Amino acid sequence: MGRVTIPWKYKELGGKVAFEIEQIAELARLSLKPAEKEKLKKDLESILAYVEQLKQVPTDHVEPTSHVLNLENVFREDKTRPCDVREEVLKHAPHREGNFFKVPKVIEQE
Amino acid sequence: MPDSSLTLKEAIALAREEGPQKLIDSLAKRVREVDGKVNAYIHFDPARIERNKAAGLLHGVPISIKDNLATRGWETTCASKILAGHVPPYDATVVAKLRQAGATLFGKLNMDEFAFGSSTETSSFGPTRNPWDLERVPGGSSGGSAAAVAADEAIAALGSDTGGSIRLPAAFCNVVGLKPTYGRVSRYGLVAFGSSLDQIGPITKTVEDSAILLNVIAGHDERDSTSANVPVPDYTQALKRGVKGLRIGLPKEYFVKGMDPEVEAAVREAGKIYQKMGAEIKEVALPHTPHCVAVYYIVAIAEASSNLGRFDGVQYGFRAKNGSLREMYFETRDLGFGEEAKRRILLGTFVLSAGYYEAYYRKGQKVRTLIRDDFEKVFKETDLILTPVSPTPPFKLGEKLTDPLTMYLSDIFTISINLAGVPAMALPCGFSRSGLPIGMQLIARPFEEETIFQAASVYEQETQWFKRKPKL
């Protein structure tokens, strides 16, 4: 979901992190049932409290590892290749119209 | 002895002599007899098994595949409702390689939904049960793969491993599971979970079978830019080398208070066996081990939440019926994903969001570097590391399902290996007094799977644990 800015509160309550579940669920495009929301919030707070331990590890001069192979960019020639898969791909669409994926109306009326 | 109990090596010989049909029939019969109890397969239909006519090493040999690997013409659902009925139009590279080698796809195996779990209980097709004790879990997430091989419902299988998902089930089911070096095997066509951690590997009855399958699936693939362009040796050549002079380290952080004494004793006994065979055993330190679960549940979950962003009901898979586009997205994801997937999506979204990115994600990546450095240091003075796979023998169904953190902690001995990108194998190492399998883990330097095969093979020959079979 990438990096996004949202104005939610971060409280540290004796090592406990308050997890603003509705805002996160909104970012993650998940609608949650009320009962589910309570349970998930509790679970996530206890997991976040557990990962708080990392704060004790000194990492001032440590480079982050995003990848173990230390890869450089991998390039290939920009050539066209035959790729006749349109029908096979569209066959799996939950909803199609002709050669397009069909989605519900995007622009809603005021 | 029924053909279904053959090792891969024996099955290759049998298919060559008698053709594949007898083998496939025997295996299908076994699945009909026992899979009602084990639930290892989620897509299995003998009528759909297409005989592969390609000549090759695996000609006619049936191989079973974890359901997160794309198989052209076969459902690939990751045991999730959001991919129900999905049939990919292409093969994963490992599947294509198996077919080129002559193998016949036999069926698709159960797993935790999207490989999120350590017990195969989060599958939307119901849990897989451990063939050694049907009240216990087979481990996860490749629980279907390990249970099928252990129960003689598969000759050999492929699984995937992001934090232990091949090795934990292998240990819990008394079979051999290898997580190759990151980049050793192409991930093209593996439904992504943690892209910097995921690897595909063989789950087999013996160490030799593991080498045979790795020979087939390893290698560079231009379709996966993270697959490494490193030559692939013939791994079966390493099996007879012995361990004389090999330096094997036992990290003290892997023998912790609270672990099961029978597991500790079994793994220490393996160390003594190696010593008797001429290896040098020494204590080593991997001091950042206690932080591996915390790092993993930041890094892996961040990657998972972004990988699962693609499931939006537009191009394939399940779509909720009503409402506007926005409502459709929310409903599709709510109805399509199970609870553990939602938990991980939410947590990953949180640790990647601005304001928390530095404190969690970046911090996690830095501690990952320290974990990796630990291994680099130890491998300057040792050739292999020997550890347990899990602190306990297989646990009961439902025992850890309500407390996610307890479930996550069942991976404490397997997670660091993925964070460091090194190869590791789980193999049988004995049984508890109550008859439950215990596994041990051999870890090597990057791209030195041969050292693992070398040591695993002599231990297996000496102990022969693989010959014990569950009663079903």
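Residues numbered from 1 in each chain as written. Chains lettered and ligands numbered in written order. Predicted model: local features only at pLDDT ≥ 70, side-chain atom pairs only at ≥ 80, totals over all residues.

**A word on the overall build of chain A**
Right, so step 1: Scanning chain A from N- to C-terminus turns up 3 helices and 4 strands.
Right, so step 2: Reading the secondary structure of chain A in the N-to-C direction produces β-β-α-α-α-β-β.
Right, so step 3: Each of the 110 residues in chain A was classed as buried or not, and the buried ones make up 15%.
Right, so step 4: Nonlocal contacts in chain A, meaning residues at least 24 apart in sequence, comprise 38% of its contacts between residues at least 6 apart. (Helix = DSSP H or I, 4+ residues; strand = E, 2+ residues; numbered from the N terminus. Buried ≥ 20, exposed ≤ 12 C-beta atoms within 10 Å, placed from the backbone. Contact = placed C-beta atoms within 7 Å.)

**Digging into helix α2 (residues 21–38) of chain B**
Residue and element names in this part refer to chain B.
Right, so step 1: Spanning 18 residues, α2 covers 24 Å between terminal C-alpha atoms, matching the ideal 26 Å at 1.5 Å per step.
Right, so step 2: Along its length, α2 shows its largest kink, about 40 degrees, at R32.
Right, so step 3: When we look at burial in α2, the residues that qualify are L23, I24, L27, R30, V31, V34, D35 and V38.
Right, so step 4: Tucked into the core, α2 has its buried residues touching α1 (8–18), β1 (41–43), β2 (62–66), β3 (104–109) and α4 (143–150). (Expected span 1.5 Å × (residues − 1). Bend = angle between axes of the 7 residues up to and from the residue.)

**Here's the deal with the interface of chain A and chain B**
Right, so step 1: Across the contact, 52 residues belong to chain A and 60 residues belong to chain B.
Right, so step 2: Listing elements by their share of the side of chain A that touches chain B, those giving two or more residues are α1 (21–27), α2 (34–51) and α3 (86–91) of chain A.
Right, so step 3: In terms of residue count, the dominant contributor to the side of chain A that touches chain B is α2 of chain A (7 residues).
Right, so step 4: Residue composition of the side of chain A that touches chain B, by class: 33 nonpolar, 11 polar and 8 charged. (Nonpolar A, V, L, I, M, F, W, Y, C, P; charged D, E, K, R; others polar.)

**Observations concerning the pairing of β3 of chain B**
Residue and element names in this part refer to chain B.
Right, so step 1: Within β3, 6 of the 6 residues are buried, which leaves the element mostly enclosed by the surrounding structure.
Right, so step 2: As paired strands, β1 and β3 are joined by 2 bridges and run antiparallel to one another. Bridge pairing in β3 places H43 opposite K108.
Right, so step 3: Pairing of β2 with β3, which is carried by 5 bridges, proceeds in the parallel orientation. Counterpart to P62 in the pairing with β3 is T104.
Right, so step 4: The β-α-β motif built from β2, the intervening helix α3 (residues 93–100) and the parallel element β3 has right-handed crossover chirality. (Pairing = 2+ DSSP bridges. Right-handed = clockwise from strand over helix to strand, strands pointing away.)

**Concerning the environment of T349 of chain B**
Right, so step 1: Along the chain, the position of T349 of chain B falls in helix α10 (residues 339–352).
Right, so step 2: T349 of chain B sits 165 residues away from R184 of chain B along the chain, and the two C-alpha atoms are 30 Å apart.

**Looking at the sheet that holds strand β8 (residues 280–284) of chain B**
All names here are of chain B.
Right, so step 1: Taken in spatial order, the 11 strands of this open sheet run β1-β3-β2-β4-β6-β5-β10-β11-β9-β7-β8, and their pairing is mixed. Because the sheet does not close on itself, it has two edges, and the strands there are β1 and β8. Within the sheet, the average angular offset between the axes of one strand and its neighbour, ignoring direction, is 35 degrees.
Right, so step 2: Along the sheet face, α4 touches β1, β2, β3, β4 (157–161), β5 (176–179) and β6 (199–204) and points at about 145 degrees away from the line of β4. (Axes fitted to C-alpha atoms, helices over the stretch in contact; angles between N-to-C directions.)

**Description of the packing of helix α8 (residues 292–307) of chain B against α10 of chain B**
Residues and elements named next belong to chain B.
Right, so step 1: The interhelical angle for the contact between α8 and α10, taken along N-to-C directions, is 105 degrees, at an axis separation of 7 Å. Classed by the angle they form, the pair α8 and α10 counts as roughly perpendicular. On the side of α8, the interface is formed by I298, I301, A302, A304, S305 and S306, while α10 contributes R344, I345, L347, G348, T349, V351 and L352. (Parallel < 35°, antiparallel > 145°, perpendicular 65-115°, else oblique.)

**Notes on helix α7 (residues 261–276) of chain B**
Residues and elements named next belong to chain B.
Right, so step 1: Along its 16 residues, α7 runs 23 Å from first to last C-alpha, staying within 8% of the 22 Å computed at 1.5 Å per residue.
Right, so step 2: When α7 is considered as a whole, its buried residues turn out to be V263, A266, V267, A270 and Y274. The buried side chains of α7 occupy one side of the element, clustering within an arc of 90 degrees when seen end-on. Opposite the buried face of α7, at more than 90 degrees from it, the exposed residues are P261, K272 and K276.
Right, so step 3: Against the buried residues of α7 lie β7 (247–251), β8, β9 (384–388), β10 (424–431), β11 (437–443) and α14 (449–463).
Right, so step 4: Positive backbone phi, approximately 105 degrees, marks G278, located one or two places after α7. (Arc of directions from axis to C-beta.)

**Focus: the nonpolar core**
Right, so step 1: Counting residues in hydrophobic clusters, the biggest one holds 172 residues, and the most contacted among them are I63, A157, Y297, I298, L346, V351 and L442 of chain B.
Right, so step 2: In terms of residue count, α8 of chain B provides more of this core than any other element does, 12 residues in total.
Right, so step 3: Those residues within four positions of L346 of chain B in sequence are excluded, and the remaining contacts are I21, I24, A25, A28, L40 and L44 of chain A. (Core = buried A, V, L, I, M, F, W, Y, C linked by C-beta atoms within 7 Å.)

**Considering the confidence of the model for chain B**
Right, so step 1: Per-residue confidence for chain B gives a mean pLDDT of 95; residues scoring 70 or more make up 100%.
Right, so step 2: We note a pTM of 0.95 for the whole complex and an ipTM of 0.89 for its interfaces. (pLDDT = per-residue confidence, 0-100.)

**Quick look at the packing of helix α6 (residues 207–217) of chain B against α14 of chain B**
Residue and element names in this part refer to chain B.
Right, so step 1: Where α6 meets α14, the axes come as close as 9 Å, and the angle between the chain directions of the two elements is 155 degrees. For the element pair α6 / α14, the angle class is roughly antiparallel. The segment α6 lies against α14, with V207, E208, A211 and L214 engaging E449, F453, A456, S457 and E460.

**Comments concerning the confidence of the model for chain A**
Right, so step 1: Predicted confidence across chain A gives a mean pLDDT of 80, with 81% of residues reaching 70 or more.
Right, so step 2: Overall, residues 1–14 of chain A carries pLDDT values under 50, and its contacts beyond four positions in sequence, including any with other chains, amount to 28 contacts.

**Overview of unusual backbone geometry**
All names here are of chain B.
Right, so step 1: The step from G140 to S141 runs through a cis peptide bond, and the omega angle for that step is 10 degrees.
Right, so step 2: When you line up the elements, S141 lands in the loop between β3 and α4.
Right, so step 3: You will see that A79, though not glycine, has its phi angle at about 55 degrees, which is positive.
Right, so step 4: Positionally, A79 belongs in the loop between β2 and α3.
Right, so step 5: Even without being glycine, Q464 reaches a positive phi, approximately 60 degrees.
Right, so step 6: Structurally, Q464 can be placed in the segment after α14.

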